[in-house]
Amino acid sequence: MPDERIDRLLSTRLLGGSGAAVPLVSSRSDAVVDSLARSIESGELGPGDSLSVTALAHRLDVAAATVRSALIALDAMHLVEHRPNRASVVVTPTSAWFVAVAAECSGLSIAAADLGIVAATDAEIESFTVRADEVAALWAEEGQDQVVGAEGLWDLLHMLAEFSRNPYLTDLHASKRTALVFGIRSLSRSRNPAMLRSAVDALVTAARERDRHEAVDIVRDLFIFVIDGVTEL
């Protein structure tokens, strides 16, 4: 990985330089995970980029063991490919990789819809409706940035995970965001914005009516649509 990329990680991610919020982390390893994951999601680090333990440890001023721990975590997040006796690299998304990532995300989002619709307060349903209007606007017309739209859809589903009051579900759901967005950025074809706006509207109706079964069906169909944007199953 070129040195200037690591320099950007140091100045704008790990140490909270200009243009980036300082992440809330519990350890130096968590900070490195957060830094690298954000850079992969944003495109600062691309598929196949080398992640040298020595270079990262030097530039980020952390121990090599800290970097290795972070890379193990990123491997579990499907963002890094471990290569024995060689530097790890940012994963190169493939259709098969994306199907596996989306399947994990789908299961968690379905659980979020099932539990969150029931547990949400009336005020939370209203906040969900407001956010849904904003997300639908991201898909207002052809030619919109579909990665931004996908991020909006994921954030909307994550609200349901938060409404569930299940911290384990919420944390697991949050951890899948980067890989899903990375895959969509790398692989997805243009999608029909009208269909996605319709799905958002239907999800709002299900939330307002507290219809958990309908919400689950909508989320399941939404992920099938997303996967179909990458590969024909």
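Residues numbered from 1 in each chain as written. Predicted model: local features only at pLDDT ≥ 70, side-chain atom pairs only at ≥ 80, totals over all residues. Heavy atoms only, no water.

Undergrad: Teacher, can you tell me more about the environment of glycine 116 here?
TA: Tracing the sequence through the fold places glycine 116 in helix α5 (residues 95-119). Taking the relative accessible area as the measure of exposure, glycine 116 reaches 0% and is therefore buried. Along the primary structure glycine 116 and serine 164 are separated by 48 residues, whereas in three dimensions their C-alpha atoms are 4.0 Å apart. (Helix = DSSP H or I, 4+ residues; strand = E, 2+ residues; numbered from the N terminus. Buried < 20%, exposed > 50% of the residue type's maximum accessible area, 1.4 Å probe, protein only.)

Undergrad: Quick question: what am I supposed to make of the sheet that holds strand β2 (residues 80-81) here?
TA: Each strand in a sheet pairs with its neighbour through backbone hydrogen bonds, running either in the same direction (parallel) or in the opposite one (antiparallel). Spatial strand order, β1-β3-β2: three strands in an open sheet with antiparallel pairing. In this open sheet, the two strands that pair with only one neighbour each are β1 (50-51) and β2. Sheet topology note: the β1/strand β3 (residues 88-90) ladder contains two bridges and is antiparallel. Residue serine 50 lies in a different strand from β3, and its bridge partner there is valine 89. (Pairing = 2+ DSSP bridges.)

Undergrad: It is not clear to me how the nonpolar core should be interpreted in this structure. Could you clarify?
TA: In a soluble, globular protein the nonpolar side chains are often hidden away together inside. If you look at the biggest cluster of nonpolar residues, it comprises 69 residues, and the most contacted ones within it are Leu71, Leu74, Leu79, Phe98, Phe128 and Leu180. The leading source of residues in this core is α5, at ten residues. Setting aside anything within four residues of it in sequence, one finds phenylalanine 128 in contact with Leu156, Met159, Leu160, Phe163, Leu203, Val204 and Ala207. (Core = buried A, V, L, I, M, F, W, Y, C linked by side-chain atoms within 4.5 Å. Contact = heavy atoms within 4.5 Å.)

Undergrad: It is not clear to me how the layout of surface pockets should be interpreted in this structure. Could you clarify?
TA: Rolling a probe over the atoms, with the probe sized like a water molecule, indicates the empty space that remains. Roughly 240 Å³ of internal volume is contained in the second largest pocket. Forming the boundary of the second largest pocket are 18 residues, of which Trp139, Ala150, Leu153, Ile184 and Val226 lie nearest the centre. The set of elements that each furnish at least two residues to the lining of the second largest pocket consists of α7 (146-163), α9 (177-187) and α11 (212-228). Top element by residues in the lining of the second largest pocket is α7. It accounts for six residues. Tallied by class, the residues present in the lining of the second largest pocket amount to 13 nonpolar, three polar and two charged. (1 Å grid on protein atoms, 1.4 Å probe; cavity = no way out; pocket = protein on both sides within 12 Å on 5 of 7 lines; lining within 4 Å. Points joined across faces, edges and corners; volume = space filled by probe spheres on them. Nonpolar A, V, L, I, M, F, W, Y, C, P; charged D, E, K, R; others polar.)

Undergrad: What's the story with the packing of aromatic side chains in this structure? I'm lost.
TA: We describe a pair of aromatic rings using the distance from one ring centre to the other and the angle between the two ring planes. Within this structure, the stated rule accounts for two aromatic pairs. Measuring from centroid to centroid gives 6.1 Å for tryptophan 97 and phenylalanine 182, while their planes differ by 85 degrees, and the two rings are edge-to-face. Placement of the pair is tryptophan 97 in helix α5 and phenylalanine 182 in helix α9, with a sequence separation of 85 residues. Neither tryptophan 97 nor phenylalanine 182 differs from the other in exposure class; each is buried. Taken together, a centroid distance of 6.5 Å and an interplanar angle of 65 degrees make the contact between phenylalanine 128 and phenylalanine 163 edge-to-face. Placement of the pair is phenylalanine 128 in helix α6 (residues 122-138) and phenylalanine 163 in helix α7, with a sequence separation of 35 residues. (Phe/Tyr/Trp six-rings, centres within 6.5 Å; stacked < 30°, edge-to-face > 60°.)

Undergrad: Mind showing me how you'd approach the confidence of the model for the chain here?
TA: Regions with low pLDDT carry predicted coordinates that are not meant to be interpreted in detail. When the pLDDT values of the chain are averaged, the result is 85; 85% of them are 70 or greater. In this model, residues 1-26 is a region of pLDDT below 50 whose contacts with residues beyond four sequence positions or in other chains number 50 contacts. (pLDDT = per-residue confidence, 0-100.)

Undergrad: Would you mind going over α7 with me for this structure?
TA: An α-helix turns once every 3.6 residues. As a result, residues three or four positions apart point the same way. Across its 18 residues, α7 extends 26 Å between first and last C-alpha, which sits within 8% of the 26 Å expected from 1.5 Å per residue. With 15 of 18 residues buried, α7 lies mostly within the body of the structure. (Expected span 1.5 Å × (residues − 1).)

Undergrad: Explain the packing of α7 against helix α8 (residues 167-175) to me, please; I cannot follow it from the model alone.
TA: When two helices pack together, you describe them by how their axes are tilted relative to each other and by the distance separating the axes. It is the contact of α7 with α8, at a shortest axis distance of 8 Å, that shows an interaxial angle of 165 degrees. Comparing the axis directions of α7 and α8 gives the class roughly antiparallel. Note that α7 runs across α8; the crossing there is left-handed. Where α7 approaches α8, its residues Trp154, Leu157, His158, Ala161 and Glu162 are matched on the opposing element by Thr170, His173 and Ala174. Each residue belonging to the contact of α7 with α8 can be placed in one class, and the counts come to four nonpolar, three polar and one charged. (Axes fitted to C-alpha atoms, helices over the stretch in contact; angles between N-to-C directions. Parallel < 35°, antiparallel > 145°, perpendicular 65-115°, else oblique. Left-handed = near helix turned anticlockwise from the far one by under 90°.)

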